[in-house]
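# Examination of the molecular architecture
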Amino acid sequence: QVQLVESGGGLVQAGGSLRLSCTASGRTFSSYIIEWYRQAPGKEREFVARIRWSDDITYYVNSVKGRFTISRDSAKKTVYLQMNSLKSEDTGIYYCHILGGSWGQGTQVTVSS
């Protein structure tokens, strides 16, 4: 089983940028599909982006298209979520997830207006 360690969360002003990292421990991502989810207070956890490790195919929720980019670094066994032009509605706890498997611990992202 692959364990996920997240980092990069923090406080940023609206319009700013932040990059989240999700690093695998123990084993590589191999053929896994890696996803980012987020959850704002009082709301359901929602899908943000995914990447298929084997062929680098990506998919995004409409609300982040053109602003967020998910990518991978095979050597570092890491998936990134580059977040640009951040809005207050992007605030929430962001989770890294292996489809059908493990979740990361979550990292807080706060965007101030």
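Residues numbered from 1 in each chain as written. Predicted model: local features only at pLDDT ≥ 70, side-chain atom pairs only at ≥ 80, totals over all residues. Heavy atoms only, no water.

### Examining the packing of aromatic side chains
Cut-off, in case you're wondering: Two rings belonging to Phe, Tyr or Trp (six-membered ring only in the last case) form a pair when the distance between their centres is within 6.5 Å. Interplanar angles under 30 degrees mark stacking, angles over 60 mark edge-to-face geometry, and anything in between is tilted. Under the scheme used here, helices are H or I runs from DSSP no shorter than 4 residues and strands are E runs no shorter than 2 residues, and both carry numbers assigned from the N terminus. Exposed residues in this analysis have more than 50% of their type's maximum accessible area, buried residues have under 20%, and partly exposed residues fall in between, with area computed by a 1.4 Å probe over protein chains only. The rule is short: NZ of Lys or CZ of Arg within 6 Å of the ring centre and within 35 degrees of the ring normal puts a charge over the ring.
Counted according to the given criterion, the structure contains four aromatic pairs. Between tyrosine 37 and phenylalanine 47, the aromatic rings sit 5.8 Å apart at their centres with planes inclined by 80 degrees, giving edge-to-face as the arrangement. On the criterion of sequence distance, the pair formed by tyrosine 37 in strand β4 (residues 33-39) and phenylalanine 47 in strand β5 (residues 46-52) is long-range, its members being ten residues apart. For phenylalanine 47, a relative accessible area of 16% puts it in the buried group. Each member of the aromatic cluster is reached from another via a ring pair, and the members are Tyr37, Phe47, Tyr59, Tyr95 and Trp103. The ring of tryptophan 103 has arginine 45 lying over it, and the distance from NZ or CZ to the ring centre is 4.9 Å. Taking NZ or CZ as reference, arginine 72 lies 5.4 Å from the ring centre of tryptophan 53, over its face.

### Observations regarding the sheet that holds β5
Quick reminder of the rule: Should DSSP find at least two bridges between two strands, the strands are taken to pair. Think of each axis as a best-fit line through the C-alpha atoms, taken over the contacting stretch in the case of a helix, with angles from 0 to 180 degrees between the N-to-C directions.
Taken in spatial order, the six strands make up an open sheet running β2-β10-β9-β4-β5-β6, and their pairing is mixed. Each edge of the open sheet carries a strand with a single partner, namely β2 (10-13) and β6 (57-60). Looking at each pair of strands side by side, their axes are set apart by 20 degrees on average, direction ignored. With six bridges joining them, β4 and strand β9 (residues 92-98) adopt antiparallel strand pairing. Following the sheet pairing, arginine 38 is matched in β9 by tyrosine 94.

### With respect to the pairing of strand β3 (residues 18-25)
With five bridges joining them, strand β1 (residues 3-7) and β3 adopt antiparallel strand pairing. Counterpart to valine 5 in the pairing with β3 is threonine 23. Looking at chain direction, β3 and strand β8 (residues 78-83) are connected through six bridges and run antiparallel. Residue pairing in the sheet places cysteine 22 in a bridge with valine 79 of β8.

All we've got here are geometric facts, nothing functional implied.
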